[in-house]
Amino acid sequence: MNQREKEQYLREYMALKSAGKPFFPYAVAKDSLMACVVMAAIITMSLVLGAELGPKADPTTTTYTPRPEWYFFFLFELLRVIKPAELVPLATIGVPTICMILLFLLPFYDRGPERRPERRPIATATGIFVIAAMGFLTYKGAESGPPTQIDMPTPKAVIAQGPQFTALYEKGRQVVAQSGCEACHKFGDNGNDGPGPQLTHIAKNLPRQAIARTLVNPTAPMPSFQALQQKDPAKFNAMVTFLSQLK
Amino acid sequence: MPKLKLPAPPLPPGFPKPAPKRPGTPKQKPLDVAAEAGMSVVDWVDERTSLSGGARWMMFRKVPKGTNWFYTLGSATMFAFLSQAVTGVFLAMYYRPDAGGGAYESMRHVNDDVFLGEFVHGMHKWGSSVMVILIFLHMARTFFFGAYKYPRELNWIIGVALLILTMAMSFTGYLLPFDQRSYWATIVGVNINGTGPLVGPYLSDFLRAGPEFGATTLSRFYAIHMMLIPGIIGALIGFHLYLVAKLGTTAPPWQKLPEQYRQVEEERA
Ligand code: HEM
């Protein structure tokens, strides 16, 4: 906006303003009614949905599902949408930081005098696109199922080895599902793609022994299953059996 | 006799004005006496502070023609924030920021034993969602109405700061109940934060109070959540509202100019 446009805006605004009504009581009445609606919504949600607590935080467990509040889903989903490893740092912080800066600076790069949304096609389209993208990512975040289940067909090779082996495989599937692996790994369509590698075909690359070794002595953020191996070797064995059949 | 007069309420068009009081009918009813007593108190304060000018400036400014329900979203956000502040104070009366044993138990106690405890806890928990929804709606309104343009740029910038602070409130508050979900989500969140450029690692160390998630992490989150950020948000809302009153709220972009002004503008062009 140049000086002339600024002055014109201020003149027109004064005209519209002086044709308006006083803030009290007209706007105050609307605001108060809205405040009642907000209050009613909060009270209803509290009564209907409650405020349940989960089990107490336990830094030594591995059975956890790290899940943020729903309005952070879109940020976490962003990490998963961008696949190539080189781009991950960009996704985690680059995109949100850039969006934040763009948001702060909006009044400085969009300086046109036009205010009607239908005559600012770029701004309006961008706004609608951002809202749609955030909605979509939030939906995907909510969708990414309760990561305590692994729905995959049992491989024929497993069934062929008899009912006993199949039972072991199924037990292993259950242990893996309950151990929070899916927070960071993907099994078929289940679980989250990252930060850990996909495990859908892990046995193609890693032999049984190597899988067991990784569980006991994993790389940095992954928790170790050494305690499980010592306390409950049968469970640990089932876990390794399941993983070593993922081909 | 007080100097201040009660402002006359605006009357709907076509409504007859009440006749002015005639001298010689001074018979004061109890209601008049009560009104007068209230006025003298206000008058006493005003004589020493001159606050009435500011209040009048704030309350009796005009809002432009065409102002609609979308313009209530800002004050609704503020109301959600106030609700969070009040319910938060009640939760703070019971909460113990002790990771070793106490934080989780104190919230259990609130939920299970305290009168209306779970209700207030629930209001605080769901109030945060309501506030986040409202702040995004308010932002969308100001965006699509072009309200961030001259002369309201600074108010947009303060708004973005408020948005970030509100999200930071959610992030720090999420850890406090100290159940499995909040604990592990916060660890992951802080780690992701740490991959950020330049300040990322320092910010993460600051949040954790060290390189590892430790005993002081929880009290640090608590202090940030209930003292640091709410203070800044309160101050920024004050400044935001001052600018709203000073600059006036925008008219909806479709609003037509009154006829006589349109002619003046056309002559000018
Ligand atoms: C705690 C959060 C916030 C509160 C309590 C708040 C409150 C308000 C209120 C009461 C108004 C008066 C007009 C209206 O209600 O629409 C307003 C106007 C405004 N707000 Fe906010 N706001 C908040 C956050 C934001 C955010 C996140 C933005 C944008 C990034 C923003 C940008 C603006 C702008 C540009 C105006 C001027 C609108 C106009 O004149 O039409 N605000 N705010």
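If you're wondering where the values come from, they're calculated on a predicted model, not measured in any experiment.

**Remarks on the overall build of chain A**
(1) Moving on: The secondary structure content of chain A amounts to 11 helices and three strands.
(2) Moving on: Secondary structure elements of chain A occur, N-terminal to C-terminal, as α-β-α-α-α-α-α-α-β-β-α-α-α-α.
(3) Moving on: Across the 247 residues that make up chain A, the buried fraction comes to 39%.
(4) Moving on: Taking the intrachain contacts of chain A between residues at least 6 apart in sequence as the baseline, contacts between residues at least 24 apart amount to 60%.
(5) Moving on: Total accessible area on chain A stands at roughly 14100 Å², and carbon and sulfur atoms take up 65% of it.

**Thoughts on the coordination of the iron atom of the ligand**
All names here are of chain B.
(1) Moving on: The coordination sphere of the iron atom of the ligand contains the protein donors His138 (NE2) and His240 (NE2), at a distance range of 2.0 to 2.1 Å.
(2) Moving on: Around the iron atom of the ligand, the six donor atoms sit at angles spanning 85 to 179°, and that spread fits a shape best called octahedral. Here His138 is found in helix H5 (residues 117–144), whereas its partner His240 is found in helix H9 (residues 215–247), with 102 residues between them in sequence.
(3) Moving on: Assessed through its relative accessible area of 19%, His138 is described here as buried.

**A short note on the site of the ligand**
All names here are of chain B.
(1) Moving on: Around the ligand sit 25 residues, and of these Tyr71, His138, Arg141, His240 and Thr250 come closest.
(2) Moving on: Note that an oxygen atom of the ligand is positioned 2.8 Å from one of the backbone N or O atoms of Tyr71.
(3) Moving on: At 2.8 Å from a nitrogen atom of the ligand is found a side-chain nitrogen or oxygen belonging to His240.
(4) Moving on: If you list the elements that add at least two residues to the shell around the ligand, you get helix H3 (73–92), H5, helix H6 (153–175) and H9.
(5) Moving on: Looking at which element gives the most residues to the shell around the ligand, the answer is H6, with six residues.

**Here we look at the pattern of salt bridges**
(1) Moving on: Within the structure shown, the criterion is met by nine salt bridges over all chains.
(2) Moving on: Among the salt bridges present, the one from Glu118 of chain A reaches Arg116 of chain A, with a minimum N-O distance of 2.9 Å.
(3) Moving on: Classification of Arg116 of chain A as partly exposed rests on a relative accessible area of 24%.
(4) Moving on: Taken together, the shared-partner salt bridges connect Asp110 and Arg120 of chain A together with Lys149 of chain B into one network.

**Structural notes on a nonpolar patch on the surface**
Residues and elements named next belong to chain A.
(1) Moving on: Among the surface-exposed residues, Ile98, Met100, Ile101, Leu102, Leu105, Phe108 and Tyr109 lie close enough to one another that they form a single nonpolar patch of about 650 Å² accessible area.
(2) Moving on: Relative to the elements of secondary structure, Met100 occurs in helix H4 (residues 88–109).
(3) Moving on: Overall, Met100 belongs to the partly exposed group, its relative accessible area being 31%.

**Description of the packing of aromatic side chains**
All names here are of chain B.
(1) Moving on: Per the stated rule, a full pass over the model turns up 18 aromatic pairs over all chains.
(2) Moving on: With centroids separated by 5.5 Å and ring planes inclined at 90°, the aromatic side chains of Phe145 and Trp254 adopt a geometry described as edge-to-face. Of this pair, Phe145 sits in the loop between H5 and H6 while Trp254 sits in the loop between H9 and helix H10 (259–268); the two residues are 109 residues apart in sequence, bridging distant segments of the chain.
(3) Moving on: When the ring of Phe239 is compared with that of Tyr242, the centres are 6.4 Å apart and the planes differ by 5°; the resulting orientation is stacked. Here the residue Phe239 and the residue Tyr242 both occupy positions in helix H9, the gap between them amounting to three residues, near one helical turn.
(4) Moving on: For Tyr242, a relative accessible area of 40% translates into the label partly exposed.

**So, the UniProt feature "transmembrane region" (unreviewed entry) in chain B**
(1) Moving on: The sites that UniProt annotates as "transmembrane region" (unreviewed entry) are residues 69–95, 126–144, 156–176 and 221–243 of chain B.
(2) Moving on: A distance of 27 Å separates the end C-alpha atoms of residues 126–144 of chain B, which is 100% helix and 0% strand.

Cut-offs and rules
Residues numbered from 1 in each chain as written. Chains lettered and ligands numbered in written order. Predicted model: local features only at pLDDT ≥ 70, side-chain atom pairs only at ≥ 80, totals over all residues. Heavy atoms only, no water. Helix = DSSP H or I, 4+ residues; strand = E, 2+ residues; numbered from the N terminus. Buried < 20%, exposed > 50% of the residue type's maximum accessible area, 1.4 Å probe, protein only. Contact = heavy atoms within 4.5 Å. Areas by Shrake-Rupley, 256 points an atom, 1.4 Å probe, with all protein chains shown as cover. Donors = N, O, S within 2.8 Å, 3.2 Å for Na, K, Ca; no water. Tetrahedral: all angles 85-135°; square planar, octahedral: opposite > 155°, others 65-115°. Near = heavy atom within 4 Å. Polar contact = N/O pair within 3.5 Å; in protein donor to acceptor, adjacent residues only side chain to side chain. Salt bridge = Lys/Arg side-chain N within 4 Å of Asp/Glu carboxyl O. Patch = residues over 30% accessible without salt bridge, like charges linked within 9 Å, V, L, I, M, F, W, Y side chains within 5 Å. Phe/Tyr/Trp six-rings, centres within 6.5 Å; stacked < 30°, edge-to-face > 60°. UniProt positions renumbered as here; feature names shortened; annotations may be inferred.

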